[in-house]
Amino acid sequence: MLSFRIRHNYPGGFTLDLDFRAERRVTALFGSSGSGKTSVIEMLAGLRTPQHGSITLDGRTLYDSARRINLPPQRRGIGVVFQDGLLFPHLTVEDNLRFGAKRRRGARPIAFERVIQVLELAPLLRRFPRTLSGGEAQRVALGRALLSGPELLLLDEPLAALDEALKHRILTYLERVIGEWGIPVFFVSHAQAEVRRLAEWVVVLNAGSIIAQGAPGDALAQPALLARHDRSGPMNLVRIDEIRQERDWWLGRIGDQFLRLPPLAQAPSAPLFVEFPPAAVLLSGHDIADISARNHLAGAVRNVVEIAQTIYVAIDIGQPIWAIVTPEAARELALEPGRPVTCLIKTHSLRMTE
Amino acid sequence: MLSPEEWSAVGLSLRVSAWAVVLGLPPAVAVAYALARGSLRTRWALDTFVNLPLVLPPVVTGYLLLVLLGRHGPLGAFVYNTFGLRIAFTWQAAAIAAGVVGFPLMVRAIRLAFQTVDPRLEAAARSLGASPINAFFTVTLPLSTRGIVAGAVLGFARGLGEFGATIVVAGNIPGITQTLPLAIYSRIQHPGGIAGSWRLVALSVALACLALAAGEWLEHRERRRHA
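Worth saying up front: this structure is predicted, and the values here are computed from it rather than measured. (Residues numbered from 1 in each chain as written. Chains lettered and ligands numbered in written order. Predicted model: local features only at pLDDT ≥ 70, side-chain atom pairs only at ≥ 80, totals over all residues.)

Asker: Looking at this structure, how should I read the overall build of chain A?
Answerer: A tally of helices and strands in chain A yields nine helices and 22 strands. Relative to the globule expectation of 20 Å for 354 residues, the C-alpha radius of gyration of chain A, 22 Å, shows essentially globular dimensions. Each principal axis of the C-alpha atoms in chain A carries an extent, and together these give about 65 × 50 × 30 Å. Expressed as a percentage of the 354 residues in chain A, the buried residues total 42%. A fraction of 69% describes how many contacts in chain A between residues 6 or more apart in sequence connect residues 24 or more apart. (Helix = DSSP H or I, 4+ residues; strand = E, 2+ residues; numbered from the N terminus. Rg over C-alpha atoms; globule rule 2.2 N^0.38 Å. Buried ≥ 20, exposed ≤ 12 C-beta atoms within 10 Å, placed from the backbone. Contact = placed C-beta atoms within 7 Å.)

Asker: Honestly, the overall build of chain B in this entry has me stumped. Any pointers?
Answerer: Looking only at helices and strands, chain B features 12 helices and zero strands. Written out in order from the N terminus, the α and β elements of chain B read α-α-α-α-α-α-α-α-α-α-α-α. The dimensions of chain B, computed from C-alpha atoms along their principal axes, are 70 × 45 × 30 Å. Looking at chain B residue by residue over its 227 residues, the buried ones come to 43%. Of the contacts made within chain B by residues no fewer than 6 positions apart, 75% connect residues no fewer than 24 positions apart.

Asker: Would you explain the packing of helix H3 (residues 58-69) of chain B against helix H5 (residues 91-115) of chain B in this entry?
Answerer: Residues and elements named next belong to chain B. Running from N to C, H3 and H5 point in directions that differ by 130°, and their axes come no closer than 11 Å. Considered as vectors, H3 and H5 are oriented oblique to each other. Note on packing geometry: the crossing formed by H3 with H5 is right-handed. Taking contact as the criterion, the partners of Pro58, Thr61, Gly62, Leu65 and Leu69 in H3 are, on H5, Ala93, Ile96, Ala97, Val100 and Val101. Counted by class, the contact of H3 with H5 contains eight nonpolar, two polar and no charged residues. (Axes fitted to C-alpha atoms, helices over the stretch in contact; angles between N-to-C directions. Parallel < 35°, antiparallel > 145°, perpendicular 65-115°, else oblique. Left-handed = near helix turned anticlockwise from the far one by under 90°. Nonpolar A, V, L, I, M, F, W, Y, C, P; charged D, E, K, R; others polar.)

Asker: Any chance you could explain the confidence of the model for chain B here in plain terms?
Answerer: In the predicted model, chain B carries a mean pLDDT of 90, and 99% of its residues have values of at least 70. Complex prediction metrics read pTM 0.78 and ipTM 0.82. (pLDDT = per-residue confidence, 0-100.)

Asker: Before we go on, may I ask you to explain the sheet that holds strand E12 (residues 236-240) of chain A in this structure?
Answerer: Sheet strands associate in pairs through backbone hydrogen bonding, adopting either a parallel or an antiparallel arrangement. Residue and element names in this part refer to chain A. An order of E12-E16-E22 is seen for the three strands of this open sheet, with the pairing classed as antiparallel. In this open sheet, the two strands that pair with only one neighbour each are E12 and strand E22 (351-353). Taken pair by pair, the neighbouring strands of this sheet meet at an average axis angle of 25°, ignoring direction. In this structure, strand E16 (residues 272-276) lies alongside E22, joined through three bridges in antiparallel fashion. In the sheet register, valine 274 faces E22, and the bridge partner there is methionine 352. (Pairing = 2+ DSSP bridges.)

Asker: Help me out: how do you make sense of the interface of chain A and chain B in this one?
Answerer: Listed by partner, the interface residues are 18 residues for chain A and 14 residues for chain B. Contributing elements (two or more residues each) for the side of chain A that touches chain B: strand E7 (78-81) and helix H2 (93-103) of chain A. Classifying every residue of the side of chain A that touches chain B by side-chain character gives 10 nonpolar, five polar and three charged.

Asker: Just checking my understanding: could you explain unusual backbone geometry for this structure?
Answerer: Both trends apply: most residues other than glycine have a negative phi, and most peptide bonds are in trans. All names here are of chain A. Look at arginine 68: it is not a glycine, yet its phi comes out positive at around 55°. Mapped onto the elements, arginine 68 comes out in the loop between strand E5 (60-64) and strand E6 (69-70). At alanine 207, a residue that is not glycine, the phi angle is positive and equals roughly 45°. By the element assignment, alanine 207 lies in the loop between strand E10 (201-206) and strand E11 (209-214). For alanine 207, a count of 14 C-beta atoms within 10 Å gives the class partly exposed.

Asker: Help me out: how do you make sense of the environment of Glu216(B) in this one?
Answerer: Residue and element names in this part refer to chain B. Along the chain, glutamate 216 turns up in helix H12 (residues 198-226). Judged by local crowding, glutamate 216 falls into the partly exposed class, with 13 C-beta atoms found within 10 Å. Once the C-alpha coordinates of glutamate 216 and valine 153 are considered, the two residues, 63 residues apart in sequence, prove to be 9.0 Å apart.

Asker: What exactly am I supposed to notice about the sheet that holds strand E18 (residues 295-307) of chain A here?
Answerer: Residue and element names in this part refer to chain A. Here we have five strands laid out as an open sheet, ordered E17-E21-E18-E19-E20, and antiparallel in their pairing. Each edge of the sheet is formed by a strand with only one pairing partner; in this case those strands are strand E17 (281-284) and strand E20 (320-325). Taken over all neighbouring pairs, the strand axes of this sheet differ in orientation by 45° on average, direction set aside. Sheet analysis places strand E19 (residues 310-316) next to E20, joined by six bridges and oriented antiparallel. From the neighbouring strand, aspartate 316 faces E20, where its bridge partner is proline 320.

Asker: Help me understand helix H8 (residues 145-161) of chain B, please; the structure alone is not making it clear to me.
Answerer: Two residues of an α-helix separated by three or four positions point the same way, owing to the 3.6 residues in each turn. The first and last C-alpha atoms of H8(B) sit 25 Å apart over 17 residues, in line with the 24 Å expected at 1.5 Å per residue. The buried count for H8(B) comes to 15 of 17 residues, which makes it a mostly enclosed element. (Expected span 1.5 Å × (residues − 1).)

Here it is, written out as structure tokens:
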């Protein structure tokens with residue numbers, strides 16, 4: 001378990017004042033740029049010394065201002081995957097991978113061969129970092145941190161530098177690593193979709209302080225986050241664990257309802273993640289026939305938030321999703337917690353990622 | 001082609017310059033690293049001190065070295081009392097003079113190389129279990145080889161040309177401290193010396209070109225290895 005209690009004043013007036021615990025396997029630190037996320041990573045890794053407070057990991061004190069303890073990075077047992085990989089350019093992929101393993105004897109044993117297998121690194125071993133694509137470099141960086149046998153894996157926006165298609169492939173690798181080795185993961189992100197998919201616990205950061213923490217569905221439902229229009233703004237991500245074929249289209253199960261998936265080149269495999277913006281969801285008081293939208297999902301309103309003449313409605317359809325409507329629509333439909341609604345979602349507004 | 005005396009001047013010059021680099025390079029690496037990564041406050045004082053030999057008249061540098069290394073100077077007295085050795089007016093003094101005068105050039109080239117290495121690579125090495133010293137030797141130093149080679153070559157070439165500080169602290173003793181430039185200078189002093197010096201002058205030019213070419217070649221090889 002990680003415990004982080006830090007206060008740090010920066011020249012220029014910015015203050016970081018945080019107190020959180022990460023008890024789950026995968027914890028996300030969520031916030032837009034300038035919220036202090038990178039400082040937290042640096043303080044955890046021992047690359048920046050905070051002014052006041054303490055950091056402990058599984059009962060070991062990494063930093064404590066009162067007791068004058070400040071373990072150097074090499075003795076913290078924290079593996080860091082940096083945003084841009086930061087592979088050593090003068091070493092081959094194999095030497096990069098073995099860098100940490102060689103220096104941290106007595107750490108959690110991780111079999112080299114197994115990491116190569118899980119992250120599919122075998123064809124890259126003899127190459128130099130500059131010949132790798134962004135996704136390959138990120139996989140090597142993940143393997144390198146993993147092979148140092150860390151007690152905690154720290155990922156600093158591991159996907160930010162990658163394009164969409166690659167992002168989802170790396171997410172798959174990350175999930176494999178989490179499943180295989182069970183090393184606690186702490187990652188920093190400003191993309192809701194990533195956080196919803198990976199994290200079991202989210203700490204939401206805004207301007208140096210925590211504005212919410214909890215399970216992703218709850219913590220990300222903060223009014224302060226809803227008004228964002230970039231990737232830290234609201235985005236629906238639904239996880240589908242079961243796929244069924246009906247004639248020549250595919251259906252994904254959510255609770256006891258089914259979502260009709262857009263046309264696919266090949267048979268999808270579970271788990272599948274379906275992404276759609278809140279603006280793609282129409283709300284209706286009762287089910288409507290004679291409409292082109294193929295998905296009619298029954299749900300109940302959980303929460304209604306108004307921000308700048310936009311009503312954000314949280315609906316439980318077996319998984320939490322967001323819809324946005326105008327204030328008049330919200331009044332006419334009498335949207336309030338507990339109200340049953342039908343969510344109409346066009347099949348073609350769904351984006352799927354594995 | 002060359003007289004024994006001329007040969008001795010060439011050999012001495014090469015030996016003095018080589019030792020100047022051997023002695024000067026490790027501290028130059030350390031100082032360059034401190035300048036590339038150190039805090040702003042310490043940097044200013046260090047930077048000024050290191051660059052002094054570049055702007056002082058070499059004769060002044062030689063004078064200061066003589067004061068320091070002479071038999072009654074603080075360092076010279078210590079070495080004489082402890083080991084019974086004199087430094088001033090030996091070829092070792094010439095090597096020290098060449099090393100001191102070439103030091104800022106070495107530091108400058110190496111510092112530039114260190115500055116191009118992303119300090120976060122060291123942070124990555126640290127997070128993988130490397131101590132600061134280990135991170136320096138396994139990441140920063142190998143990534144700076146080109147700059148270090150360039151610094152060594154500059155220092156060597158500067159050592160070949162050293163005159164002012166050398167003549168003050170090491171003298172101009174044929175066969176002992178008379179390096180190439182000093183030999184040329186002595187020759188020119190004699191009647192008909194200008195004509196008689198051309199061989200040594202040509203040799204000086206050739207040596208300087210050779211040093212630069214060797215540096216270029218080493219750098220090229222280094223670049224190929226990483227490209």
